[in-house]
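Report on the structure
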Amino acid sequence: MAKSEAPIFRQLFESESCTYTYLLADKITKEAVIIDPVLETLDRDVKLVQELGLNLKVAVNTHCHADHITSTGLMKKKIQGLKSAISKHSGASADIQLSEGDDITFGKHRLTVRETPGHTNGCVTLVLGDESMAFTGDALLIRGCGRTDFQQGSARKLYHSIHQKVFKLPEDCLLYPAHDYKGQTVTTVGEERKYNPRLTKSLEEFVNIMDNLNLPNPKKIDIAVPANLVCGLHDL
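A quick note: this is a predicted structure, and the numbers were derived from the prediction, not measured.

The next thing to look at is the overall build of the protein. Looking only at helices and strands, one finds six helices and 14 strands in the protein. Taking 18 Å as the expected radius of gyration for a compact globule of 236 residues, we find that the protein reaches 17 Å, a close match to that expectation. Referenced to the eigenvectors of the C-alpha coordinate spread, the extents of the protein come out at roughly 50 × 45 × 30 Å. Taking as baseline every contact in the protein between residues at least 6 positions apart, the subset at least 24 positions apart corresponds to 62%. Taken as a whole, the protein presents about 10,500 Å² of accessible surface, with 50% of it coming from carbon and sulfur.

Okay, here's the thing in structure tokens:
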């Protein structure tokens, strides 16, 4: 995509849960989309949307998060006309229930939904129309992947999702995850196909790795999941 045609793009960070929020907008129409916004950074994100003069159309979650509460519900109260979106397989309420192949449009740009279950049943990867970048949520992380031991997790599903839906994108496609815990911000399809220590293994080796991680539950899981099922407005 020529530089003049590329969307406005901001990568934002929430330090407690190490979550990335992404803001994309059309340079001409100013229509915008925000991906995985976090409750604690609601005011920051709304302020940025206002400073850039954007018309925020959709706030989309890549899945029902277990480690933080989404800000989509409260953001809708602050930004007129904003609609929330999440996979129809997530079990969560939202204005837009997403399915494979759906497009989220903003100006002349679009994000296309690729269903990538495995971390949860309702995980999606959002691919920019020209396939120059994709937002993988918790399915594929930089040199890692989302855990598969709760919230309908399935290591086999995740392996197939990544190999069939993400690794089929162009090698130079930039991949932006929902989290990183080591200060990394972006990777590419080619890098992950070559260097991801889990996804370069066979299916059976991958399943064995994922079945033996023995990770503690996220600190906020008992609060975050019920809240995120109702757009982050549970008991707020």
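Before going further, it helps to examine the packing of helix 3 (residues 155–166) against helix 5 (residues 203–211). Here helix 3 crosses helix 5 at 130°, and the two axes come no closer than 9 Å. Classified by the interaxial angle, the pair formed by helix 3 and helix 5 is oblique. Along this stretch, helix 3 crosses helix 5, giving a crossing that reads as right-handed. Contacts between helix 3 and helix 5 involve Ala 155, Arg 156, Leu 158, Tyr 159 and His 160 from the first element and Leu 203, Glu 204, Phe 206, Val 207 and Met 210 from the second. In the contact of helix 3 with helix 5, the residues fall into seven nonpolar, one polar and two charged.

Here the focus is the sheet that holds strand 9 (residues 124–128). An order of 7-8-9-10-13-14 is seen for the six strands of this open sheet, with the pairing classed as mixed. Each end of this open sheet is capped by a strand with a single partner; those strands are strand 7 (103–106) and strand 14 (187–188). Pairing between strand 7 and strand 8 (residues 109–115): four bridges, direction antiparallel. Within strand 8, the position partnered with Asp 103 by the bridge is Thr 112.

Within strand 10 (residues 133–137), five of the five residues are buried, which leaves the element mostly enclosed by the surrounding structure. Judged from the two bridges that link them, strand 9 and strand 10 form a sheet pairing that is antiparallel. Looking at strand 10, one finds that Val 127 is bridged to Ala 134. Adjacent in sequence and paired antiparallel, strand 9 and strand 10 are bridged by four residues, among which Glu 131 carries a positive phi angle near 60°. Bridging between strand 10 and strand 13 (residues 174–177) involves four bridges; their strand directions are parallel. Bridge pairing in strand 13 links Ala 134 to Leu 175.

What follows concerns empty space enclosed by the protein. Tallied over the full model, the rule gives one cavity of 30 Å³ or more. Along the walls of the largest cavity sit Ala 59, Asn 61, Thr 70, Thr 72, Ser 84, Ala 85, Ile 86, Ala 92, Ser 93, Ala 94, Asn 228 and Cys 231, which together make up its complete lining. In terms of residues, the lining of the largest cavity owes the most to one element, strand 5 (residues 83–87), which gives three residues. Across the lining of the largest cavity, the residue classes break down as six nonpolar, six polar and no charged.

Let us now look at the environment of Gln 50. Summarising the element assignment, Gln 50 is placed in helix 1 (residues 42–51). Considering only alpha carbons, one finds Gln 50 and Arg 114, 64 residues apart in sequence, at a separation of 30 Å.

Scoring rules and cut-offs
- Residues numbered from 1 in each chain as written.
- Predicted model: local features only at pLDDT ≥ 70, side-chain atom pairs only at ≥ 80, totals over all residues.
- Heavy atoms only, no water.
- Helix = DSSP H or I, 4+ residues; strand = E, 2+ residues; numbered from the N terminus.
- Rg over C-alpha atoms; globule rule 2.2 N^0.38 Å.
- Contact = heavy atoms within 4.5 Å.
- Areas by Shrake-Rupley, 256 points an atom, 1.4 Å probe, with all protein chains shown as cover.
- Axes fitted to C-alpha atoms, helices over the stretch in contact; angles between N-to-C directions.
- Parallel < 35°, antiparallel > 145°, perpendicular 65-115°, else oblique.
- Left-handed = near helix turned anticlockwise from the far one by under 90°.
- Nonpolar A, V, L, I, M, F, W, Y, C, P; charged D, E, K, R; others polar.
- Pairing = 2+ DSSP bridges.
- Buried < 20%, exposed > 50% of the residue type's maximum accessible area, 1.4 Å probe, protein only.
- 1 Å grid on protein atoms, 1.4 Å probe; cavity = no way out; pocket = protein on both sides within 12 Å on 5 of 7 lines; lining within 4 Å.
- Points joined across faces, edges and corners; volume = space filled by probe spheres on them.

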